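Working through the structure, step by step
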Amino acid sequence: MFTAQEYRAEVAALVPPLPVVSRPLARCLGLVLAEDVTAGVSLPPFDNSAMDGYAVRAADVAAASAEHPVTLPVADDIPAGRVDVRPLAPGTAHRIMTGAPLPPGADAIVQVELTDGGTENVRIDAAVRQGLHIRRLGEDVAEGTVVLPAGTVLHPPQLGLAAAVGVGDLPVRRPPRVLVLSTGSELVAPGEPLPPGHIYESNSVLLAAAVEEIGGEATVLRFVPDDVERFRAAIAEHAADADLLVTSGGVSAGAYEVVKDALTGHGVDFVRVAMQPGGPQGLGRMDGLPVVTLPGNPVSAALSFELFVRPALLGALGHPVVDRPRARAKAAATMTSPANRVQYRRGRHDEGMVEVVPVGGPGSHLLASFAASNCLIEIPEGVVEILAGAEVDLILLD
């Protein structure tokens, strides 16, 4: 029997790093940069104005105040994007817009709110110091420096920076392509009439969403019947385009376990992990395709993905951190756990709370409890009871 940590390492080793591809910026959100990005230009690329106002020599307005304003002739108008900027003569001002090039000779910007906004002559009601409201060449980024190191997760600010230094495409780890397969002749699509003895299929919805939440691409094979040959045929049809197959259900010790029957002897080993819920698991390679088989109960499937598959996929994507954040809190109620398992109870621990409130019981079918929780309460192996008020370890899910 594997411990949860041992099995997590086994699953991580099964999923190799994904290949590096070049993608346009618009398709890189949430992916991980595979190579350093170097600035091809400085930011700013030239001295420019940080305000709408007037470019001046600070010495020419040193005596200006609301009681004794200074009036200067406006010798030029400089909108953003203009390149034929004339030097600023002493004793004059140039009206200038935000982002426009600073004229030679100017050493300060008077913001328009401190003037009368004149176009031929401008009344200036306050003195300014040298350098005020001027963005200097390269003060943010110097040309040739690394602005985004390999391993950076690409959120909107990072994509904006790449665009600002002129990069249109980025080398990233390709999103994982995951086949999600749920088995069971008793399953019915949500929204359809529910015959007696049947249940609505939810695992594939949950697992596909979990794949896509971390930037993966999920292909769902729904309602594969409990038939070994049809099961294998469904996999073979899509295997060439997948990086990983994730199944749910059909892995227990009873009869009619189609996943176990179909994959045993085909490179997949079925094992038990010392955890509750989610003990029966399986992993291996079927004709070269990595396979992870999860239990069929909804909470067991969700928890197993969270603990084993999610970190493996994040690692393959190149994420520097694959673990959820952790915390400690006081148990709001007494909880019991089997002695030879690590138990993961669902809980609610909101910001500022000292306690964590268990949500529902330990059962693997209590999906509503899982949906209402925002953390997992980890009760270590060998601990059979957690008393109310005792500190416990949390895995934060939000």
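Figured I'd write up the structure that's included with this text. Source: prediction; values computed, not measured.

1. Quick word on the overall build of the protein chain
Helix and strand counts for the protein chain stand at 7 helices and 27 strands. For 398 residues, the compact-globule estimate of 2.2 N^0.38 gives 21 Å, and the protein chain exceeds it by more than 25% at 31 Å. C-alpha atoms of the protein chain, sized along the principal axes, occupy 95 × 50 × 40 Å. Relative to its 398 residues, the protein chain shows a buried fraction of 47%. For the protein chain, the share of sequence-separated contacts (at least 6 apart) that also reach a separation of at least 24 residues comes to 70%. For the protein chain, the accessible surface area stands at approximately 18200 Å², while carbon and sulfur atoms represent 54% of it. With 29 positive and 47 negative side-chain charges, the protein chain shows a separation of 2 Å between the mean positions of the two kinds.

2. What to know about the side chain of Thr 293
For Thr 293, the location among the structural elements is in strand E20 (residues 289–294). On the basis of relative accessibility, which here comes to 0%, the residue Thr 293 falls in the buried class. Those residues in contact with Thr 293, other than ones at most four positions away along the chain, are Thr 247, Val 251, Val 259, Leu 263, Val 268, Phe 270, Gln 281 and Gly 282.

3. A closer look at the environment of Arg 95
For Arg 95, the location among the structural elements is in strand E6 (residues 93–96). Relative accessible area serves as the criterion here: at 25%, Arg 95 is assigned to the partly exposed category. Separated by 23 residues in the primary sequence, Arg 95 and Gly 118 have C-alpha atoms spaced 8.7 Å apart. Arg 95 has contacts with Gly 53, Tyr 54, Val 74, Asp 76, Asp 77, Ile 78, Gly 118 and Thr 119, leaving out every residue within four places of it along the chain. Within the structure, Arg 95 has its side chain in polar contact with the side chain of Asp 77 (distance 2.7 Å).

4. As for the packing of helix H1 (residues 4–14) against helix H6 (residues 298–317)
Two numbers describe how H1 lies on H6: the axes approach to 9 Å, and their chain directions differ by 35°. Both H1 and H6 take part in a crossing whose hand is right-handed. Residue-level inspection shows Ala 4, Tyr 7, Arg 8, Val 11 and Ala 12 of H1 in contact with H6, the latter providing Leu 307, Phe 308, Val 309, Pro 311 and Ala 312.

5. Thoughts on the packing of aromatic side chains
Any pair of aromatic rings gets described here by the distance separating the centres and the angle formed by the planes. In this structure the tally under the stated criterion is 2 aromatic pairs. With 5.0 Å between their ring centres and 85° between their planes, Tyr 7 and Phe 308 make a pair best called edge-to-face. Residue Tyr 7 is located in helix H1, and its partner Phe 308 is located in helix H6; the two are separated by 301 residues in the primary sequence. The class of Tyr 7 is buried, set by a relative accessible area of 0%. The exposure class of Phe 308 is buried, given its relative accessible area of 2%. Through a chain of ring-to-ring contacts, three or more aromatic side chains come together here, namely Phe 2, Tyr 7 and Phe 308.

6. Overview of the nonpolar core
Within the largest apolar cluster, 55 residues are counted, with the highest numbers of intra-cluster contacts made by Leu 170 and Tyr 344. The contacts of Tyr 344, once residues within four sequence positions are left out, are Ala 4, Met 275, Gln 276, Pro 277, Leu 303, Leu 307, Leu 376, Ile 377, Glu 378 and Ile 395. The next biggest cluster of nonpolar side chains, apart from the first, holds 18 residues, and it includes Leu 221, Ala 234, Val 251 and Met 286.

7. Things to note about unusual backbone geometry
Looking along the chain, the bond that leaves Leu 43 and enters Pro 44 is cis, with omega of -10°. By secondary structure assignment, the location of Pro 44 is in the loop between strand E2 (37–38) and strand E3 (48–49). That bond from Gln 276 to Pro 277 is cis: its omega, -5°, falls within 30 degrees of zero. Note that Pro 277 resides in the loop between strand E18 (275–276) and strand E19 (280–286). Positive phi, normally seen in glycine, also occurs at Asp 287, with a value near 55°.

8. Examining the sheet that holds E6
If you trace the 5 strands from one edge of the open sheet to the other, you get E7-E4-E6-E5-E8, paired in mixed fashion. The open sheet has two free edges, formed respectively by strand E7 (108–111) and strand E8 (121–124), since each of these has just one partner strand. Mean inter-strand twist for the sheet, computed between neighbouring axes without regard to direction, equals 40°. Across 3 bridges, strand E4 (residues 53–56) lies against E6 in antiparallel orientation. Bridging across to E6, Ala 55 finds its partner in His 94.

9. Concerning the environment of Val 146
Tracing the backbone through its elements, the reader meets Val 146 in strand E10 (residues 146–148). Take Val 146: its relative accessible area is 46%, and that puts it in the partly exposed class. Along the backbone, Val 146 and Gly 40 are 106 residues apart, and their C-alpha atoms lie at a distance of 9.7 Å. Contact partners of Val 146, with chain neighbours within four places excluded, come to Asp 36, Val 37 and Thr 38.

Parameters and conventions
- Residues numbered from 1 in each chain as written.
- Predicted model: local features only at pLDDT ≥ 70, side-chain atom pairs only at ≥ 80, totals over all residues.
- Heavy atoms only, no water.
- Helix = DSSP H or I, 4+ residues; strand = E, 2+ residues; numbered from the N terminus.
- Rg over C-alpha atoms; globule rule 2.2 N^0.38 Å.
- Buried < 20%, exposed > 50% of the residue type's maximum accessible area, 1.4 Å probe, protein only.
- Contact = heavy atoms within 4.5 Å.
- Areas by Shrake-Rupley, 256 points an atom, 1.4 Å probe, with all protein chains shown as cover.
- Lys, Arg positive; Asp, Glu negative; His and termini not counted.
- Charge placed at Lys NZ, Arg CZ, Asp CG, Glu CD.
- Polar contact = N/O pair within 3.5 Å; in protein donor to acceptor, adjacent residues only side chain to side chain.
- Axes fitted to C-alpha atoms, helices over the stretch in contact; angles between N-to-C directions.
- Left-handed = near helix turned anticlockwise from the far one by under 90°.
- Phe/Tyr/Trp six-rings, centres within 6.5 Å; stacked < 30°, edge-to-face > 60°.
- Core = buried A, V, L, I, M, F, W, Y, C linked by side-chain atoms within 4.5 Å.
- Pairing = 2+ DSSP bridges.

Distances and angles like these do not, on their own, reveal function.
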